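Residue-level structure breakdown
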Amino acid sequence: MAIDALRKNGMMAHLLDALEAGQNIGHYGQLVFAMVARHFTEDEELVALLQKNPDCSEEQARALVEQVKGRDYSPPRREKVLAFQAQQEFPIIPNPEDPDAGNVYKDLQFPESVYAHISEYREQKAQAHAEEGSGSQPG
């Protein structure tokens with residue numbers, strides 16, 4: 001089962017446990033969960049899981065799933081998750097002192113398209129940075 005695969009990552013297991021207990025994981029907790037879980041679940045299962053959050057209706061869950069898919073968000077890096085966590089009360093990463101906590105790429109195997117998307121993004125960012133540097137130099 002795909003949910004079992006998600007449990008290989010401590011942060012995702014923590015979020016799943018909280019959702020199954022009916023806890024409010026916060027807006028960013030839901031966002032992080034959807035960004036990662038969409039690669040392991042069908043849309044309907046993801047919507048159902050998100051609805052276990054007391055502040056998330058079916059409409060809100062569907063809208064979040066569509067947003068994450070429509071914008072093709074990659075699973076967030078640990079640093080991004082920590083930035084999200086700083087903006088809400090619920091701890092997305094329960095043990096932020098552990099440098100491996102929140103690193104979904106360490107424990108989970110994503111589809112090859114995710115890694116290709118990240119690589120393409122980094123190449124574009126490096127190219128844009130290089131062009132910025134060369135644009136300010138006299139010709």
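Some remarks on the overall build of the protein chain
Along the protein chain, the regular secondary structure elements total 8 helices and 0 strands. The order of helices and strands in the protein chain, counted from the N terminus, is α-α-α-α-α-α-α-α. A burial count over the protein chain gives 37% of its 139 residues as buried. Of the contacts made within the protein chain by residues no fewer than 6 positions apart, 62% connect residues no fewer than 24 positions apart. For the protein chain, the accessible area works out to roughly 8,100 Å², and carbon and sulfur atoms hold 48% of it.

Things to note about helix α5 (residues 58-70)
The terminal C-alpha atoms of α5, which comprises 13 residues, lie 18 Å apart, in line with the 18 Å expected from a rise of 1.5 Å per residue. Burial in α5 covers these residues: Ala61, Leu64, Val65 and Val68. Seen along its axis, α5 keeps its buried residues to an arc of 95°; they face one direction. More than 90 degrees from the buried face of α5, the exposed residues found are Glu59 and Gly70. Where α5 is buried, its residues meet α3 (26-37) and α4 (43-50). Phi turns positive, to about 50°, at Asp72, one or two residues after α5.

Focus on the nonpolar core
Leu6, Met11, Met12, Leu15, Phe33 and Leu50 are the most contacted members of the largest nonpolar core, which has 36 residues in total. Broken down by secondary-structure element, the contributors of at least two residues to this core are α1 (2-6), α2 (10-20), α3, α4, α5 and α6 (78-85). With 7 residues, the single largest contributor to this core is α3. Ignoring anything within four residues of it in the chain, the contact list for Leu15 reads Ile25, Gly29, Val32, Phe33, Phe90 and Ile92.

A word on the packing of α2 against α3
One can describe the packing of α2 onto α3 by two numbers: an axis separation of 11 Å at closest approach and a directional angle of 120°. The orientation of α2 relative to α3 falls into the category oblique. The interaxial crossing formed by α2 with α3 has left-handed handedness. Facing α2, whose interface residues are Met11, Met12, Leu15, Leu16 and Leu19, α3 presents Gly29, Val32, Phe33, Val36 and Ala37. Classifying every residue of the contact of α2 with α3 by side-chain character gives 9 nonpolar, 1 polar and no charged.

Quick notes on the rules
- Residues numbered from 1 in each chain as written.
- Predicted model: local features only at pLDDT ≥ 70, side-chain atom pairs only at ≥ 80, totals over all residues.
- Heavy atoms only, no water.
- Helix = DSSP H or I, 4+ residues; strand = E, 2+ residues; numbered from the N terminus.
- Buried < 20%, exposed > 50% of the residue type's maximum accessible area, 1.4 Å probe, protein only.
- Contact = heavy atoms within 4.5 Å.
- Areas by Shrake-Rupley, 256 points an atom, 1.4 Å probe, with all protein chains shown as cover.
- Expected span 1.5 Å × (residues − 1).
- Arc of directions from axis to C-beta.
- Core = buried A, V, L, I, M, F, W, Y, C linked by side-chain atoms within 4.5 Å.
- Axes fitted to C-alpha atoms, helices over the stretch in contact; angles between N-to-C directions.
- Parallel < 35°, antiparallel > 145°, perpendicular 65-115°, else oblique.
- Left-handed = near helix turned anticlockwise from the far one by under 90°.
- Nonpolar A, V, L, I, M, F, W, Y, C, P; charged D, E, K, R; others polar.

In short, the description is geometric, and any link to function would need to be established separately.
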